[in-house]
Amino acid sequence: MANRHVYAVVDPASGELVKEYPTATDEVVDGALDAAAKAYAQWSRQSSVEQRAQLLTTVATLHSERSGQLAEIIHREMGKPVDEAVAEVEFSASIYRYYAENAQKFLADEPIELLDGEGTAFVRRQPVGVLLGIMPWNYPYYQVARFAAPNLALGNTIVLKHASQCPESSAALQQLFTDAGFPEGCYVNVRATSEQIAHAIADPRVQGVSFTGSEPAGAAVAEKAGRSLKKVVLELGGSDPFVVLSTHDLDATVQAAVEARFENTGQACNAGKRFIVAEDIHDAFLHRFTEKVLAMTDGLAPLSSVAAAEYVEEQVRRAVDAGATFTSKGRREGAYFPPGVLTGVSPASPSAAEELFGPVATVYRVGSEDEAVELANGTPYGLGSYVFTTDAEQALRVADKIDAGMVFINGVGLEGAELPFGGVKRSGFGRELGRAGIDEFANKKLIRTART
């Protein structure tokens, strides 16, 4: 895990330090774990599903009521355009509302039909205890909602360590949960260091860990958790393929490709990043796609930091040095990186296996469906994927062959609170959202009675 001891707001547009916040002392971190453990022992055991659902409904309402204020905070912290930030807050509200409305159904006893013997058997879903959440900067509210909503509905309590560049949004969330009426310790925000988090993972008061972030950091979290026999949910990087095999409307498909790549300035783990296009429409697709990408140059938001932009610049340089062509306008200026298109990247080159976390798209030409699938599966990642085709049978056939946790057919922006989110391979394991999201940290307790 990275060693970052300073929580600070740095204006991505200028690189100027706005404000620093002190990291927590060891005593504060211990107090957070203790408060969460006490809340689990008391509130979780005494509250009903209906009471927890009502609290989540209030959390959803407060997100909506404070959407403007919350949006301005993350605009300042990580450069997200205000309209996108407002949309994130509203999507987060829908997640809390979804679990509030469905908790009763999801947590209902599940009867089991006995093969032999008398009596009854059923599975009852119960909380497991204190959970540690380690969240990233790119979706400061949405990432927390995916983790917090189902687990608070279930009755787990949460200690939340947010990204070091999100001190104000994480504090705003803490205040929101407090204002919603959650008792002390149910949701505790803590500005912990990496070393403190490593100790917290091993702490016997913690029963599970949810991490969203980079692959190396996720591996470190999983290793530490594994040594302590703690369950982990990991949502890591992605290099999602966007496969275009045929289309009735090339302009609409190109627009979908642009939207899939450039939301949040390309800083999304499940963004379409590699555009794999059938050779009969490749040239027309590439021409129109490149036109639209270059037209975004003047209005694109900065990346989250100068360091992030410098890293994307380094990745592009390595690809070009290996024989690729990068088409863009302008040069990197601070955290601003010009949107562009990479072509001629060899599938065998190291660059082809990297995740580009910024406004850069890679376009490939393929001669067959099988070649498209092989290329789509040709990275260590397996988070999301997109398939565009006019052939419904082909769409399902290709979706079945792609190694990914999610496949979206003929559309983008189709995520929802009810749809499970997660990946395979080096994109992590476990699921968030939907019914699956409330099952990850549940004790599925069997209760078997010999006779009634």
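For the structure, see preceding data.
Residues numbered from 1 in each chain as written. Predicted model: local features only at pLDDT ≥ 70, side-chain atom pairs only at ≥ 80, totals over all residues. Heavy atoms only, no water.

Details of the overall build of the chain
Step number 1: Per the secondary structure count, the chain includes 14 helices and 20 strands.
Step number 2: Its C-alpha atoms give the chain principal-axis dimensions of about 70 × 60 × 40 Å.
Step number 3: Per-residue burial over the chain gives 56% buried out of 452 residues.
Step number 4: Within the chain, residue pairs in contact and separated by at least 24 positions form 72% of the contacts whose partners lie at least 6 positions apart.
Step number 5: Each charge sign in the chain was given a centre, from 41 positive and 59 negative side chains, and these centres are 6 Å apart. (Helix = DSSP H or I, 4+ residues; strand = E, 2+ residues; numbered from the N terminus. Buried < 20%, exposed > 50% of the residue type's maximum accessible area, 1.4 Å probe, protein only. Contact = heavy atoms within 4.5 Å. Lys, Arg positive; Asp, Glu negative; His and termini not counted. Charge placed at Lys NZ, Arg CZ, Asp CG, Glu CD.)

Quick word on the packing of helix α7 (residues 194-202) against helix α8 (residues 215-227)
Step number 1: Running from N to C, α7 and α8 point in directions that differ by 35°, and their axes come no closer than 8 Å. The handedness of the crossing between α7 and α8 comes out as right-handed. Only V221, K224 and A225 of α8 make contact with α7, whose side of the interface consists of A198, I201 and A202.
Step number 2: Among the residues making up the contact of α7 with α8, the classes are represented as five nonpolar, no polar and one charged. (Axes fitted to C-alpha atoms, helices over the stretch in contact; angles between N-to-C directions. Left-handed = near helix turned anticlockwise from the far one by under 90°. Nonpolar A, V, L, I, M, F, W, Y, C, P; charged D, E, K, R; others polar.)

Some words on the sheet that holds strand β7 (residues 187-189)
Step number 1: Judged by pairing direction, the sheet is mixed, and its six strands sit side by side in the order β7-β6-β5-β8-β9-β19 without closing on themselves. Every interior strand has two partners, whereas the edge strands, β7 and β19 (428-429), have only one.
Step number 2: Looking at chain direction, strand β9 (residues 231-235) and β19 are connected through two bridges and run antiparallel. Each bridged residue has a counterpart across the sheet, and for E235 the counterpart in β19 is G428. (Pairing = 2+ DSSP bridges.)

Here's the deal with helix α13 (residues 392-401)
Step number 1: Among the residues making up α13, those that are buried are Q394, A395, V398 and A399. On an axial view of α13, the arc spanned by its buried residues comes to 130°, and they lie on one face. Of the exposed residues in α13, those oriented more than 90 degrees away from the buried face are A392, E393, L396 and D400.
Step number 2: Lining the buried residues of α13 we find α12 (369-376), β16 (386-388) and β17 (408-409). (Arc of directions from axis to C-beta.)

So, a negative patch on the surface
Step number 1: A contiguous patch of negative charge on the surface is contributed by E279, D280, E371 and E374.
Step number 2: Of all the elements in the fold, those that place two or more residues in the negative patch are α10 (279-295) and α12.
Step number 3: Following the sequence through the fold, E371 ends up in helix α12. (Patch = residues over 30% accessible without salt bridge, like charges linked within 9 Å, V, L, I, M, F, W, Y side chains within 5 Å. Areas by Shrake-Rupley, 256 points an atom, 1.4 Å probe, with all protein chains shown as cover. Salt bridge = Lys/Arg side-chain N within 4 Å of Asp/Glu carboxyl O.)

A look at the packing of aromatic side chains
Step number 1: By the definition in use, this model includes 17 aromatic pairs.
Step number 2: Measuring from centroid to centroid gives 5.9 Å for W43 and F182, while their planes differ by 65°, and the two rings are edge-to-face. Of this pair, W43 sits in helix α1 (residues 26-46) while F182 sits in the loop between α6 (167-180) and β7, placing them 139 residues apart in sequence.
Step number 3: According to the relative accessible area criterion, W43 is buried, its value standing at 11%.
Step number 4: Between F242 and F388, the aromatic rings sit 4.8 Å apart at their centres with planes inclined by 20°, giving stacked as the arrangement. Highlighted residues: F242 in strand β10 (residues 240-244) and F388 in strand β16, separated in sequence by 146 residues.
Step number 5: Overall, F242 belongs to the buried group, its relative accessible area being 0%.
Step number 6: Overall, the relative accessible area of 7% leaves F388 in the buried class.
Step number 7: The structure contains a cluster of three or more aromatic residues connected by ring pairs, namely F242, F275, F285, F289, Y386, F388 and F408.
Step number 8: Between R146 and the ring centre of F421, over which it is positioned, the NZ or CZ distance is 4.2 Å.
Step number 9: Directly above the ring of F441 sits K231, whose terminal nitrogen or CZ lies 5.9 Å from the centroid. (Phe/Tyr/Trp six-rings, centres within 6.5 Å; stacked < 30°, edge-to-face > 60°. Lys NZ or Arg CZ within 6 Å of the ring centre and 35° of its normal.)

Remarks on the pattern of salt bridges
Where charged atoms of side chains with opposite charge meet at close range, the side chains can pair.
Step number 1: Enumeration according to the criterion identifies 25 salt bridges in this entry.
Step number 2: R227 serves as the salt-bridge partner of E223, at 3.6 Å between the closest nitrogen and oxygen. With a gap of four residues between them, E223 and R227 both fall in helix α8, about one helical turn apart.
Step number 3: A single network of salt bridges, built from pairs that share partners, joins D30, D34, K38, D203 and R205.

As for the layout of surface pockets
Step number 1: Estimates place the volume of the second largest pocket at around 550 Å³.
Step number 2: Considering the residues around the second largest pocket, the lining is formed by 22 residues, among which F91, Y139, E263, G413 and E415 are closest to the centre.
Step number 3: Elements that contribute at least two residues to the lining of the second largest pocket include exactly α4 (82-106), α5 (142-154) and α9 (250-262).
Step number 4: Considering every element that reaches the lining of the second largest pocket, the biggest residue donor is α4, with four residues.
Step number 5: Of the residues belonging to the lining of the second largest pocket, the class tally is 12 nonpolar, three polar and seven charged. (1 Å grid on protein atoms, 1.4 Å probe; cavity = no way out; pocket = protein on both sides within 12 Å on 5 of 7 lines; lining within 4 Å. Points joined across faces, edges and corners; volume = space filled by probe spheres on them.)

Some points on α4
Step number 1: The end-to-end C-alpha distance of α4 is 34 Å, a good match for the 36 Å that 25 residues give at a rise of 1.5 Å each.
Step number 2: The axis of α4 is deflected most strongly, by about 35°, at A100. (Expected span 1.5 Å × (residues − 1). Bend = angle between axes of the 7 residues up to and from the residue.)

Side note on the sheet that holds strand β3 (residues 110-111)
Step number 1: If you trace the three strands from one edge of the open sheet to the other, you get β3-β4-β20, paired in antiparallel fashion. Each having just a single partner strand, β3 and β20 (442-449) make up the two edges of the open sheet.
Step number 2: Taken together, the two bridges between β3 and strand β4 (residues 120-127) define a ladder with antiparallel strand orientation. When the bridges of β4 are listed, E110 appears paired with V123.

Details of the pairing of β10
Both faces of the sheet carry side chains from a regular strand, because those side chains alternate between them.
Step number 1: Of all five residues that make up β10, five are buried, and the element is covered over most of its length.
Step number 2: Residues D240, F242 and V244 of β10 are buried on one face, and the alternating residues P241 and V243, pointing to the opposite face, are buried as well.
Step number 3: With α9 bridging β10 and its parallel neighbour strand β11 (residues 272-278), the resulting β-α-β unit is right-handed.
Step number 4: Note that β10 and β16 share three bridges and pair parallel. Bridging from a neighbouring strand, V243 pairs with V387 of β16. (Right-handed = clockwise from strand over helix to strand, strands pointing away.)

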